[in-house]
Amino acid sequence: MAWPNLMPAQAARGKTYGLGGKEGNLIVWDTLWLEANAATMAAGGKDYGAIFDVAIAVKDGRITWIGPRAELPHGEAKATHRLGGRWITPGLVDCHTHLVFAGDRAGEFEQRLKGATYAQIARAGGGIRATVANTRAASEEQLLLESETRLRALMAEGVTTIEIKSGYGLDVVNERKMLRVARQLARRNPVTVKTTFLGAHALPQEYDGRQDEYARLVAGPMLETIAQEGLADAVDAFMETIGFTASQTEMVFAAAQGRGLPVKLHADQLSDSDGAALAARFGALSADHLEYANEDGIRAMAAAGTVAVLLPGAFYFLRETKLPPVEAFRRHEVKMAVASDINPGSSPARSLLLMLNMACTLFGLTPAEALAGVTRNAAAALGLADDLGALEAGKLADFVVWDINHPAEVSYWIGGSPARTIVRGGIVVGGVQ
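Just so it is clear, the structure is predicted and the values come from calculations on it, not from any experiment.

Thresholds, definitions, all that
Residues numbered from 1 in each chain as written. Predicted model: local features only at pLDDT ≥ 70, side-chain atom pairs only at ≥ 80, totals over all residues. Heavy atoms only, no water. Phe/Tyr/Trp six-rings, centres within 6.5 Å; stacked < 30°, edge-to-face > 60°. Helix = DSSP H or I, 4+ residues; strand = E, 2+ residues; numbered from the N terminus. Buried < 20%, exposed > 50% of the residue type's maximum accessible area, 1.4 Å probe, protein only. Lys NZ or Arg CZ within 6 Å of the ring centre and 35° of its normal. Salt bridge = Lys/Arg side-chain N within 4 Å of Asp/Glu carboxyl O. Pairing = 2+ DSSP bridges. Disulfide = S-S within 2.5 Å. Axes fitted to C-alpha atoms, helices over the stretch in contact; angles between N-to-C directions. Contact = heavy atoms within 4.5 Å. pLDDT = per-residue confidence, 0-100. Left-handed = near helix turned anticlockwise from the far one by under 90°. Nonpolar A, V, L, I, M, F, W, Y, C, P; charged D, E, K, R; others polar.

*Asks:* Tell me about the packing of aromatic side chains, and name the residues and values.
*Replies:* Tallying each qualifying case throughout the model produces nine aromatic pairs. Where F315 meets F363, the ring centres are 5.2 Å apart and the plane angle is 80°; that geometry is what we call edge-to-face. In this pair, F315 is assigned in helix α10 (residues 312-317) and F363 in the loop between α12 (352-361) and α13 (367-373), connecting sequence segments 48 residues apart. By relative accessible area, F363 is classed as buried at 9%. Each residue in the set Y207, Y214 and F244 is aromatic and connected to the rest through ring pairs, giving one cluster. For R150, the ring lying beneath its charged end belongs to F101, and the centroid distance is 3.6 Å. Positioned above the aromatic ring of Y207, the side-chain terminus of R210 is 4.5 Å from the ring centre.

See below:
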């Protein structure tokens, strides 16, 4: 089945969403959701922006009215869902993933636990280059099937929007292949997919000793081809001591912006390289990881509106000890998102809910901050805040019905998923009707 692409917005901004469609003098909705409480996650709302005994009316895939049931305008719905006192949140947004790849690196995980170093594994042909080799060797169909299994695990937990990066092809042919697979995943599944070109992820073996030349390839022919084919919604880079330099990153970002593509940055994960400040200078949608980000960079992110994406899976799996500067983000009012970072090397995390728990227990986020991190702030990190991330009139009717007694439970439980019903564009796409 081919699922509809709900982005960009189906309706022009400025349309009145307060009531819904009318037949004669009667308001008619497609669906009406009752007997529930809603954590709306609306900006400016206290904690979860909770509305108790809520009514949500949906028409043409969008929320047309939301508020206390006692205030619901008179009308009727083609279908009414009574939820038995459950909680509703916006659909979850996983805003940083490397979902498309072939194979795994479980053998390396075992080797590291036995004492092998990353350098030893890399010299033996492991590390990211092993994933590059597997991904290059995989057919498009194989890559699609492997990636779809991972995607559906995330969707079962309530993920309705996901970002997918390239970065394991590292040449024109295979970067295009990865991004085509990401586009196919969106057509085959009821999920919104935003694609990110990450050619500046690592140096391919054939370019050893020629990093500047490879960076020019990324900023030039690779990006030009991918932009012409409409395969990417954004451009990312890994700027780090083991990644790309500031000047190389700037070259890639300038080329991206010249083609009208927004940028994101893997920044300050292993060292303070002023990545946060560079991301802000280019007006990046997000800067991600950020364990070593400095105060000036955080201040610049706040001024630029750049979202800080926290990735507790990588922090945990790599057994890092340097915590991201959460208090500084709070102090400067930088929006914080949380994502799975699913990838075969540093975060083989097929559960966004587990990342919420880790964001609370490892990084000290409150459950309300963590939930905002996978709803409104994650939507902002993808440039989708106008349509997603909160339960508000006018936004897409993407939401999750949970078997919980309090929104904090979304972050609290370890293992299993309390998601009961998953709705995308007003249509039930998972769980129980």
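*Asks:* Go over the pattern of salt bridges, please, and point to the residues and values.
*Replies:* According to the stated counting rule, one finds 25 salt bridges in the structure shown. Among the salt bridges present, the one from E229 reaches R176, with a minimum N-O distance of 2.9 Å. Of this pair, E229 sits in the loop between α6 (211-228) and β9 (234-237) while R176 sits in helix α5 (residues 172-188); the two residues are 53 residues apart in sequence, bridging distant segments of the chain. Using a relative accessible area of 39% as the deciding quantity, one classes E229 as partly exposed. Under the relative-accessibility criterion, R176 is labelled partly exposed at 21%. Among the ionic pairs, D296 bridges to R299, the shortest N-O distance being 2.8 Å. Of this pair, D296 and R299 both sit in helix α9 (residues 295-304), separated by three residues, roughly a single helical turn. For R299, a relative accessible area of 42% translates into the label partly exposed.

*Asks:* How would you explain the pairing of strand β14 (residues 399-402) if you had to name every residue and give the values?
*Replies:* Burial of β14 is two-sided: the residues F399 and V401 facing one way and the residues V400 and W402 facing the other way are all buried. Pairing between strand β5 (residues 75-90) and β14: four bridges, direction antiparallel. When the sheet's bridge partners are listed, T89 is paired in β14 with V400. Bridge count between β14 and strand β15 (residues 419-424): four bridges; the pairing is antiparallel.

*Asks:* Which residues make up the state of the cysteines, and what are the values?
*Replies:* In total, this model carries zero disulfides according to the counting rule given. For C95, which is in no disulfide, the shortest distance to another cysteine sulfur is to C360 and amounts to 15 Å. Taking the relative accessible area as the measure of exposure, C95 reaches 0% and is therefore buried.

*Asks:* Can you explain the sheet that holds strand β12 (residues 307-310)? Please cite residues and give values.
*Replies:* Sheet strands associate in pairs through backbone hydrogen bonding, adopting either a parallel or an antiparallel arrangement. Strands sit in the order β10-β11-β12-β13 across an open sheet of four strands; the sheet is parallel. Two strands lie at the open edges of the sheet, namely β10 (264-267) and β13 (336-338), each paired on one side alone. Ignoring which end each strand starts from, the neighbouring axes of this sheet average 30° apart. Note: β12 against β13, three bridges, orientation parallel. Note that in β13 the partner of L310 across the bridge is V338.

*Asks:* Mind laying out the environment of E369, listing which residues take part and the relevant values?
*Replies:* In this fold, E369 is placed in helix α13. Put simply, E369 and L113 are 256 residues apart on the chain and 33 Å apart in space, counted from C-alpha to C-alpha. The contacts of E369, once residues within four sequence positions are left out, are R330, M336 and G364.

*Asks:* Pulling in residues and values, what's your account of the confidence of the model for the chain?
*Replies:* The pLDDT averaged across the chain works out to 94; a share of 94% of its residues lies at or above 70. Ignoring residues within four places in sequence, the model shows residues 7-17, a span with pLDDT below 50, making 21 contacts including any to other chains.

*Asks:* Can you tell me about the packing of α5 against α6, naming the residues and giving the values?
*Replies:* Where α5 contacts α6, the two axes come as close as 10 Å, and the packing angle between them is 35°. Once α5 is placed against α6, the crossing between them reads as right-handed. Contact with α5, carried on its side by V172, E175, R176 and L179, involves M222, T225 and I226 of α6 and no other residues of that element. Per-class residue counts for the contact of α5 with α6 are four nonpolar, one polar and two charged.

*Asks:* Let's hear about the environment of A303: which residues, and what values?
*Replies:* Summarising the element assignment, A303 is placed in helix α9. Classification of A303 by relative accessible area gives exposed; the value is 74%. Between the alpha carbons of A303 and V334 there is a distance of 8.8 Å; along the sequence they are 31 residues apart.

*Asks:* Account for the sheet that holds strand β6 (residues 92-94), naming residues and giving values.
*Replies:* In space, the four strands of this open sheet follow the order β6-β7-β8-β9, with parallel pairing throughout. Whereas interior strands pair on both sides, the edge strands pair on one side only; in this sheet they are β6 and β9. Between one strand axis and the next, the sheet turns by 25° as a mean value, whatever way the strands run. Relative to strand β8 (residues 192-200), strand β7 (residues 159-165) runs parallel, the two sharing five bridges. Considered in β8, the bridge of I162 is made with V193.

*Asks:* Let's hear about unusual backbone geometry: which residues, and what values?
*Replies:* Backbone geometry places D268, a non-glycine residue, at a positive phi of 55°. Relative to the helices and strands, D268 is located in the loop between β10 and α8 (275-281). For D268, a relative accessible area of 0% puts it in the buried group. For D341, which is not glycine, the phi dihedral falls at a positive 55°. Within the secondary structure, D341 is located in the loop between β13 and α12.

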